[in-house]
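Next come the chains, spelled out residue by residue.
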Amino acid sequence: HLVAQCESSQEERTTQFTEDIETSIAQLRTRSTELFAASEDQSLFDGATEMIDALSLLERLDADFNELKAASIRYAEYQEVLKVPVTRYNEVEDLEANLRLKKAMWQGLNDWGELTDKWASAPFESLDTKEMEDTVKKYAKVVSQCDKGLPANSVLPLLREKVDTFKGMVPVVVALRNE
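Residues numbered from 1 in each chain as written. Predicted model: local features only at pLDDT ≥ 70, side-chain atom pairs only at ≥ 80, totals over all residues. Heavy atoms only, no water.

Peer 1: How should I be thinking about the overall build of the protein in this particular structure?
Peer 2: In terms of helices and strands, the protein carries five helices and zero strands. For the protein, the C-alpha radius of gyration of 24 Å lies well beyond 16 Å, the compact-globule estimate for 179 residues. Reported as C-alpha extents along the three principal axes, the dimensions of the protein are approximately 90 × 35 × 25 Å. Across the 179 residues that make up the protein, the buried fraction comes to 34%. In the protein, 78% of the contacts between residues at least 6 apart in sequence involve partners at least 24 apart. Accessible surface, the protein as shown: approximately 11,100 Å² in total, 53% of it carbon and sulfur. Between the mean site of the 21 positive side-chain charges and the mean site of the 34 negative ones, the protein shows a separation of 5 Å. (Helix = DSSP H or I, 4+ residues; strand = E, 2+ residues; numbered from the N terminus. Rg over C-alpha atoms; globule rule 2.2 N^0.38 Å. Buried < 20%, exposed > 50% of the residue type's maximum accessible area, 1.4 Å probe, protein only. Contact = heavy atoms within 4.5 Å. Areas by Shrake-Rupley, 256 points an atom, 1.4 Å probe, with all protein chains shown as cover. Lys, Arg positive; Asp, Glu negative; His and termini not counted. Charge placed at Lys NZ, Arg CZ, Asp CG, Glu CD.)

Peer 1: Help me out: how do you make sense of the packing of aromatic side chains in this one?
Peer 2: Each aromatic ring pair is characterised by the separation of its centres together with the angle its planes make. For the coordinates displayed, the defined rule picks out six aromatic pairs. The interplanar angle of 55° and the centroid separation of 5.4 Å between the aromatic rings of Phe 17 and Tyr 78 together place this pair among those described as tilted. Of the two residues, Phe 17 sits in helix H1 (residues 2–39) while Tyr 78 sits in helix H2 (residues 51–82), which places them 61 residues apart along the sequence. Arranged with centres 5.9 Å apart and planes meeting at 90°, the rings of Trp 112 and Trp 119 form a pair that is edge-to-face. (Phe/Tyr/Trp six-rings, centres within 6.5 Å; stacked < 30°, edge-to-face > 60°.)

Peer 1: I would appreciate a short explanation of the packing of helix H3 (residues 90–121) against helix H5 (residues 156–178) in the present structure.
Peer 2: Two quantities define a packed helix pair, namely the angle between the helix axes and the distance between the axes. Contact geometry of H3 with H5 gives a least axis separation of 10 Å together with a crossing angle of 35°. The way H3 lies across H5 gives a crossing that is left-handed. Contact residues: Met 105, Gly 108, Leu 109, Trp 112, Thr 116 and Trp 119 in H3; Leu 156, Leu 158, Leu 159, Lys 162, Val 163 and Phe 166 in H5. For the contact of H3 with H5, the residue count by class is nine nonpolar, two polar and one charged. (Axes fitted to C-alpha atoms, helices over the stretch in contact; angles between N-to-C directions. Left-handed = near helix turned anticlockwise from the far one by under 90°. Nonpolar A, V, L, I, M, F, W, Y, C, P; charged D, E, K, R; others polar.)

Peer 1: For this particular structure, what's the right way to read the side chain of Thr 49?
Peer 2: Mapped onto the elements, Thr 49 comes out in the loop between H1 and H2. The exposure class assigned to Thr 49 is buried, which follows from its relative accessible area of 15%. Within the structure, Thr 49 has its side chain in polar contact with the backbone oxygen of Ser 43 (distance 2.6 Å). In contact with Thr 49, not counting residues within four places along its chain, are Ser 43, Ala 54 and Trp 106. (Polar contact = N/O pair within 3.5 Å; in protein donor to acceptor, adjacent residues only side chain to side chain.)

Peer 1: I'm lost on the environment of Leu 68 in this one. Help?
Peer 2: Tracing the backbone shows Leu 68 in helix H2. Along the backbone, Leu 68 and Arg 31 are 37 residues apart, and their C-alpha atoms lie at a distance of 7.9 Å. When residues no more than four places from it in sequence are discounted, the contact partners of Leu 68 are Leu 28, Arg 31, Ser 32, Leu 35 and Leu 95.

Peer 1: Explain the nonpolar core to me, please; I cannot follow it from the model alone.
Peer 2: As a rule of thumb, soluble globular proteins bury nonpolar side chains together. Of all hydrophobic cores here, the largest spans 42 residues; its most connected members are Trp 106 and Trp 112. Among the secondary structure elements, those contributing two or more residues to this core are H1, H2, H3, helix H4 (129–149) and H5. Residues in contact with Trp 112, not counting those within four places in the same chain, are Trp 119, Thr 135, Val 136, Tyr 139, Leu 159, Lys 162, Val 163 and Phe 166. (Core = buried A, V, L, I, M, F, W, Y, C linked by side-chain atoms within 4.5 Å.)

Peer 1: Sorry if this is basic, but what is going on with the side chain of Ser 39 here?
Peer 2: Relative to the elements of secondary structure, Ser 39 occurs in helix H1. When its relative accessible area of 0% is taken as the criterion, Ser 39 is described as buried. At 3.3 Å, the side chain of Ser 39 and the side chain of Asn 98 are in polar contact. With sequence-adjacent residues up to four places away left out, Ser 39 is seen in contact with Leu 44, Leu 61, Leu 95, Asn 98, Leu 99 and Lys 102.

See below:
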């Protein structure tokens, strides 16, 4: 009799906990949708936006996203322990991809300016041409990924123009350094 009572009590608690998780998952989905909407802020698509403002906004969005991601992982672990089907969070995955591209675009624009300033002010003999080639390839890849994954905007052309300009110069620098 006592065993049956314990099993019944455990089933009730498991059912209640499963319902609580489902409620939390619904709230997570809502927060994810809201965060996705916030990530579509037009300033992130406007090349006239101040770099510091865009990076600051993306940092806040990323912090909020990391909380959502941690919660989704925690809920999946709970579901595994309770032996119920684990929920897939397409909204969280979409948001992650969306934020990753926007961060790559803005951080790329910021970092590219710093890199080219460093290269322009360095003595010609000290330039590491292999590093330059690798860096140009890396940022050309960022431009390509953002071009495919983000809507048309006035930020990406700024980065593309800077990378393409340097892309054309790197072979000349390599050739001159090899002489």
